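# Coordinate analysis (summary)
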Amino acid sequence: MNLVIFGAPGCGKGTQSERLIDRFGFYHISTGELLRDHIARQTELGIIAEKYISQGHLIPDELMLSIIDVLLDSPEVKDKNIIFDGFPRTVKQAEELEKLLVKRGGNVDAVIGLEVPDGELVERLIKRGKDSGRADDNLDTIKERLEVYHNQTQPLRDFYNERGSYKAINGSQSIDKIADDIAAIISAL
Ligand code: AP5
Ligand code: MG
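### Considerations on the environment of Lys-13
- One can find Lys-13 in helix α1 (residues 13-24).
- Separated by 99 residues in sequence, Lys-13 and Ile-112 place their C-alpha atoms 9.3 Å apart.
- When sequence neighbours within four positions are dropped, the list of residues in contact with Lys-13 reads Ile-5, Phe-6, Gly-7, Ala-8, Asp-85, Gly-86 and Leu-114.
- From its side chain, Lys-13 meets the backbone oxygen of Gly-7 in a polar contact 3.2 Å long.
- For Lys-13, the side chain forms a polar contact with the main-chain oxygen of Ala-8, separated by 3.2 Å.

Following this line, the structure appears as structure tokens:
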């Protein structure tokens, strides 16, 4: 099974992915975490990614897609149930993900959309910025990330709605209630 956990910055993709790993044993692919790890190690990819992430912009599709292509064939991911967190983020990425999965005999089984109003997202991210110091959790970068989300990522709702795989969830509820709503969707698949 391949799930996409979808939504704006701060909607709870990472938080709910942790719950899904505990409950269903998914392999978690968070493209944001993957890139932050490369930045921390100052790899060639990390040095490139840092420029985009610090401005709240997406890294180029071709770069992101080549990373996913390689990752899907790695021994720790192959044949696992996957939860994609923060990917795909553009229509191009979604189209290419479909091809990558079909080539491997799979598909996107469901896209769980965590829907949260922008004001609440900003509050959450500002708070996390103070607590954890994630470099892109400052007001200017948060605003840019939200702008990028609305322009480039939100159109994917229509893309997956047309395929019947988009499942909207109220992401403003408690973390436990959201986890239960997601579990109900997965159980019905
Ligand atoms: P990424 O790491 O994916 O960041 P993001 O989408 O901005 O989302 P966050 O990780 O900030 O939020 P989240 O939805 O995971 O929420 P969380 O659970 O943490 O991407 C970072 C950057 O990498 C991008 O800007 C881009 O530059 C690059 N990138 C990544 N993927 C890419 C791709 N595919 N293509 C190109 N570039 C890419 O929760 C947030 C906070 O809210 C936490 O403090 C949490 O405790 C709290 N919270 C969670 N749920 C609730 C709740 N129900 N009620 C109250 N508080 C809650
Ligand atoms: Mg996250």
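We are not done yet, so read on.
### Structural notes on the sheet that holds strand β1 (residues 2-6)
- A sheet is described by the order of its strands in space; here five strands give the open sequence β2-β3-β1-β4-β5, paired in parallel fashion. With partners counted over all chains shown, the strands left at the sheet margins are β2 (27-30) and β5 (166-170), one partner each. Sheet twist, expressed as the mean angle between neighbouring strand axes with direction ignored, is 20 degrees.
- Together, β2 and β3 (82-85) form the strand contacts of helix α2 (residues 31-41), whose direction differs from that of β2 by roughly 65 degrees.

### Thoughts on the packing of aromatic side chains
- For the structure on display, the rule yields five aromatic pairs.
- Judged by centre distance (6.2 Å) and plane angle (50 degrees), the rings of Phe-6 and Tyr-149 are tilted. Of this pair, Phe-6 sits in strand β1 while Tyr-149 sits in helix α7 (residues 139-153), and the two are 143 residues apart along the sequence. For the residue pair Phe-6 and Tyr-149, the accessibility class agrees, reading buried in each case.
- With a centroid separation of 6.1 Å and 45 degrees between ring planes, the pair formed by Phe-84 and Phe-87 is classed as tilted.
- Judged by its relative accessible area of 0%, Phe-84 falls in the buried class.

### Observations regarding helix α3 (residues 44-55)
- Turning to α3, its buried residues number three or more, namely Leu-45, Gly-46, Ala-49 and Ile-53. Relative to the axis of α3, the buried residues are bounded by an arc of 80 degrees and lie together on one face. Looking at α3, the residues exposed on the side facing more than 90 degrees away from the buried face are Glu-44 and Lys-51.
- Those residues of α3 that are buried are in contact with α2, α4 (61-72) and α7.

### A look at the layout of surface pockets
- In this structure, the largest pocket occupies an estimated 970 Å³ of space.
- Around the largest pocket, the lining is made up of 47 residues, and of these Pro-9, Gly-10, Lys-13, Arg-134 and Arg-145 lie nearest the centre.
- Elements with a contribution of two residues or more to the lining of the largest pocket: β1, α1, α2, α6 (118-132), α7 and α9 (175-188).
- Among the residues making up the lining of the largest pocket, the classes are represented as 18 nonpolar, 18 polar and 11 charged.
- Along its surface, the second largest pocket is lined by 15 residues, and Asn-2, Asp-79, Lys-80, Leu-101 and Arg-104 are the ones closest to its centre.
- Residues that form the lining of the second largest pocket fall into these classes: five nonpolar, four polar and six charged.

### Things to note about the site of ligand 1
- Neighbouring ligand 1 are 31 residues; Thr-15, Thr-31, His-57, Arg-89 and Arg-128 lie closest to it.
- In this structure, Ile-59 approaches ligand 1 through a main-chain N or O atom, which is 3.1 Å from a nitrogen atom.
- The contact in question runs from a nitrogen atom of ligand 1 to an N or O atom on the backbone of Gly-86, over 3.0 Å.
- When ligand 1 sits alone it has 1000 Å² of accessible area, and the protein chains cover 86% of it.
- Of all the cavities here, the one that holds ligand 1 is the largest pocket.
- Among the secondary structure elements, those contributing two or more residues to the shell around ligand 1 are α1, α2, α6 and α9.
- The element contributing the most residues to the shell around ligand 1 is α2, with four residues.
- A breakdown of the residues in the shell around ligand 1 according to their chemical character gives 12 nonpolar, 11 polar and eight charged.

Conventions used here
Residues numbered from 1 in each chain as written. Chains lettered and ligands numbered in written order. Predicted model: local features only at pLDDT ≥ 70, side-chain atom pairs only at ≥ 80, totals over all residues. Heavy atoms only, no water. Helix = DSSP H or I, 4+ residues; strand = E, 2+ residues; numbered from the N terminus. Contact = heavy atoms within 4.5 Å. Polar contact = N/O pair within 3.5 Å; in protein donor to acceptor, adjacent residues only side chain to side chain. Pairing = 2+ DSSP bridges. Axes fitted to C-alpha atoms, helices over the stretch in contact; angles between N-to-C directions. Phe/Tyr/Trp six-rings, centres within 6.5 Å; stacked < 30°, edge-to-face > 60°. Buried < 20%, exposed > 50% of the residue type's maximum accessible area, 1.4 Å probe, protein only. Arc of directions from axis to C-beta. 1 Å grid on protein atoms, 1.4 Å probe; cavity = no way out; pocket = protein on both sides within 12 Å on 5 of 7 lines; lining within 4 Å. Points joined across faces, edges and corners; volume = space filled by probe spheres on them. Nonpolar A, V, L, I, M, F, W, Y, C, P; charged D, E, K, R; others polar. Near = heavy atom within 4 Å. Areas by Shrake-Rupley, 256 points an atom, 1.4 Å probe, with all protein chains shown as cover. Sits in = over half its atoms within 2 Å of the grid points.

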